[in-house]
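# Inside the fold
This is what each chain is made of:
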Amino acid sequence: MTPSSSNTSFRWPSDRLLLWLLHGAASIAGAIVILIAAFLILEALPVLRHISPLRFFTDSSWHPAEGLYKLTPMLWGTLLAMAGSVLIATPLGIFSAVFCHYYAPQALARPYRRLIELLAGIPSVVYGFWGLVVLVPLIGEIHPPGPSLLAGILILTIMILPTIALMADASLANVPQHYLRGAAALGLPRGAAIRGVVLPAAKSGLFTGVILETGRAIGETMAILMVCGNVVQTPSSIFDPIRTLTANIALEMAYALGDHRAALFVSGLVLMTMIIALTIAAEWISRGRR
Amino acid sequence: MYRSAEVFWHQIFGSIVAFLLVSFLGAPGSAKAQTATDQLSGKLVITGASTLAPLIAEIGKGFESLYTKVRVDVQTGGSSRGIADARQGLADIGMVSRAMKDEEQDLHAFPVARDGVGIILHKDNPVQTLSDEQIIAIYTGKITNWKDVGGKDAAITVVNKAEGRSTLEVFLHYFKLKNTAVKAQVVIGDNEQGVKTVVGNRNAIGYVSIGTAEYDESQGVPIKLLPTGGVNASTETVRNGTFPISRPLHIVTRTPPVGLAKAFIDYAQSKAVHDTIKQQYFVPLAE
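Below or above, wherever it landed, is the structure these notes cover. Note that the structure is predicted; figures quoted are calculated from it, not measured.

The residue H143 of chain A is located in the loop between α5 (124-142) and α6 (149-173) in this model. Classification of H143 of chain A as partly exposed rests on a relative accessible area of 37%.

In C-alpha cells form, the structure reads like this:
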C-alpha cells in the first residue's frame, strides 16, 4: 500500500466525499467483527459470572442440563477434524493445481478447472446428506458404528479441497512465465523446475490458501453435524464419533435456555479465539519468512 | 412433505437466524391480540416445541382461512421455550410436547393431541422384541452386542438425542435413566435424522416419534418399530393410551384465554382439526 495523505488530489470535493465513503465502509467492516465479539461475550457472561471459566475444561462431561460444561472433547474434535482434513486436502489441492497448470493438455485443464469451481459451489448440506447416506454406512461396514472422526475428515477434505486447489491454481498463474523459461534454459527438467523454482515463488499464495481452508474446516457445521455422530468424547481412534464446537451450537441452540444457552455462547467464544489464534499465527509465520 | 431432512436443516438454520435476531432486537413483536366483537383480527404469536410446530402451523392455516384478518406466527425452540415465552408474555400461546410439570401449574394447559416415542431397529435386524431391562442395558452400555439379546454377532450402535429435545426427556423419563448414564455412539437432532441413521446402519437402535416412524415404515423405509411393555407401537395404541411411552401435546397460556387466543384454542381442540392431526402423524384425542 502507498501512503495517500501526501496525495494532492484529495483537495477536490468529490475526492473528499469518496474518502468519507471509504472511511465509512472500512469502519463498518471493522465494527462488525468487534460487535460480534462483544455480543458473544455479552451472551456468555451470565454463565461465566457464576461458573469459573476453568470448569469448561475440568468438569467431568458436557451435560448442561445437569450443570456439567466440559468443552475440551469438542475442542479436540474440532482440532482433529480440522488437522486431518487440512493434511489430506493441502497436498491434494496443490498437486492438482500443478497438474492442471503444467501437465494437463489445454483441452483437459479448462473443464477440470470448471469442475473444481463447481465443487466449491455445492452447498454444505448436500455434502452432509451424501456423507450420511453413502459414506457413513460404508465406514460402518468396515468398522462400526460409522459416524466418526474419519467420516468428518473425509467430508471436510472434499469441502475444503476446492479452496486450496483454486488458491494454488491462482498463485501458480501468478508465477512469471520467464522463471520457468529461465529454469528450462538452465537445463532443469520440468519436475525439478516446478519443485525448485515455481513452488517457492508461489509460496505466499499457497500459504494463504492453507489459511483459508483451515478457516473453512474449523467453521463448517452442517455437513459435520450429519456425519460425525455428535457424541461428546475425546476420540481414541479415527472410527470414534466426535462432536465439534460448531455442531454443538447448531445441535443444541434451538432448545437451550438459561445457563445452557450461555454455555453455547462460550463454545462460540472458544471458536472465535481459535480463529483469532489462527490469524495471528498466519501473520507471524508469513512475517518471519519475509 | 414437512418431515423431510431438507426442511429440518432449514428449520435449524431458520431458528438460529431467528434466535440471533431475537437476541439483537430484544423480544419478538408480540402484538397484542385485538378483540373485536364480530370479527377477530390481529396477530397470534405461538412458540415452543418443534414436535408441535408443524401441526400448530397447519391448524393456524385453517384458522386463518376462517378468520381472514388473523395472522398466526409459529416459531420453534423447544417445550422449554414454549413455557418461558408464555410465562414472560413473549408469545400469546406456548407449545409443550409433554405432560405439564408440577411447577408449571401457573399456566393454563390445553391438550390438542398425543404422540408416542417408539424404539426403532433396521428391518434386517432379526431381533423382534426387547424388554425394558434390555433396552436400559443397551443404552447404558452394559449390553454392547446384538448376540446378547438374541440377534447376530455385531456391535450395537446406540442412537441418542441431543440435550434439550423433548423426545429425549420422554424416553429418559420412561426408562428412569439419566442422560449422563447413556453411552451413545451417535447423537442426533431431529426424528428424521434418527430414521436415516438407523436406515444407514443395520446394527443401530434408536427412538423417534411413532408418527414419523409409522409413516416412514408405510413408505417402505427399512425400519421397524418394536413393541414396548408387550404393547405394539402404533398410533392406535397411543390413542387409546395403552402404549406406555406416549406423551400428550399441550398448548399453554399464562392467563385464562380470551378473545383471539380463546378462539384459536377452541378451534385447535375441535373435531375440525382431527384430519390435520392425522396428516401430521399425531394421534387425535379420543372424545
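What follows picks up the thread again.
Attention now moves to unusual backbone geometry. Of note in this structure, N230 of chain A is not a glycine but carries a positive phi near 60°. Here N230 of chain A lies in the loop between α10 (222-227) and α11 (245-252). The backbone phi angle of K176 of chain B is positive, close to 50°, even though this residue is not glycine. Along the polypeptide, K176 of chain B turns up in the loop between α5 (166-175) and β6 (186-188). When its relative accessible area of 75% is taken as the criterion, K176 of chain B is described as exposed.

A few words now on the packing of helix α3 (residues 72-103) of chain A against helix α9 (residues 203-219) of chain A. Residues and elements named next belong to chain A. Put simply, α3 and α9 touch, their axes get as near as 9 Å, and they point 145° apart. Every pair of crossing elements has a handedness; the one defined by α3 and α9 is right-handed. On α9, the residues that touch T78, M82, S85, V86, A89, T90 and I94 of α3 are L206, V210, E213, T214, A217 and I218. When grouped by side-chain class, the residues that make up the contact of α3 with α9 number 8 nonpolar, 4 polar and 1 charged.

In this structure the tally under the stated criterion is 17 salt bridges over all chains. Here E252 of chain A and R243 of chain A are joined by a salt bridge, their closest N and O atoms 2.8 Å apart. Residue classification places R243 of chain A among the buried positions, given a relative accessible area of 4%. For the salt bridge of K262 of chain B with D266 of chain B, the shortest nitrogen-to-oxygen distance reads 3.2 Å. A residue pair is termed a helical-turn pair when its members lie 3 or 4 positions apart in one helix, as K262 of chain B and D266 of chain B do in helix α9 (residues 259-268) at 4 residues. Members of the salt-bridge network, linked through shared partners, are R98, E104 and E169 of chain B.

Counted by the stated rule, this structure contains 12 aromatic pairs over all chains. Arranged with centres 6.3 Å apart and planes meeting at 70°, the rings of W62 of chain A and Y69 of chain A form a pair that is edge-to-face. The pair W62 of chain A / Y69 of chain A is uniform in exposure class, with both members buried. Feature note: the residues Y139, F171, Y174, F175 and Y207 of chain B constitute an aromatic cluster, connected by ring pairs.

How each quantity is defined
Residues numbered from 1 in each chain as written. Chains lettered and ligands numbered in written order. Predicted model: local features only at pLDDT ≥ 70, side-chain atom pairs only at ≥ 80, totals over all residues. Heavy atoms only, no water. Helix = DSSP H or I, 4+ residues; strand = E, 2+ residues; numbered from the N terminus. Buried < 20%, exposed > 50% of the residue type's maximum accessible area, 1.4 Å probe, protein only. Axes fitted to C-alpha atoms, helices over the stretch in contact; angles between N-to-C directions. Left-handed = near helix turned anticlockwise from the far one by under 90°. Contact = heavy atoms within 4.5 Å. Nonpolar A, V, L, I, M, F, W, Y, C, P; charged D, E, K, R; others polar. Salt bridge = Lys/Arg side-chain N within 4 Å of Asp/Glu carboxyl O. Phe/Tyr/Trp six-rings, centres within 6.5 Å; stacked < 30°, edge-to-face > 60°.

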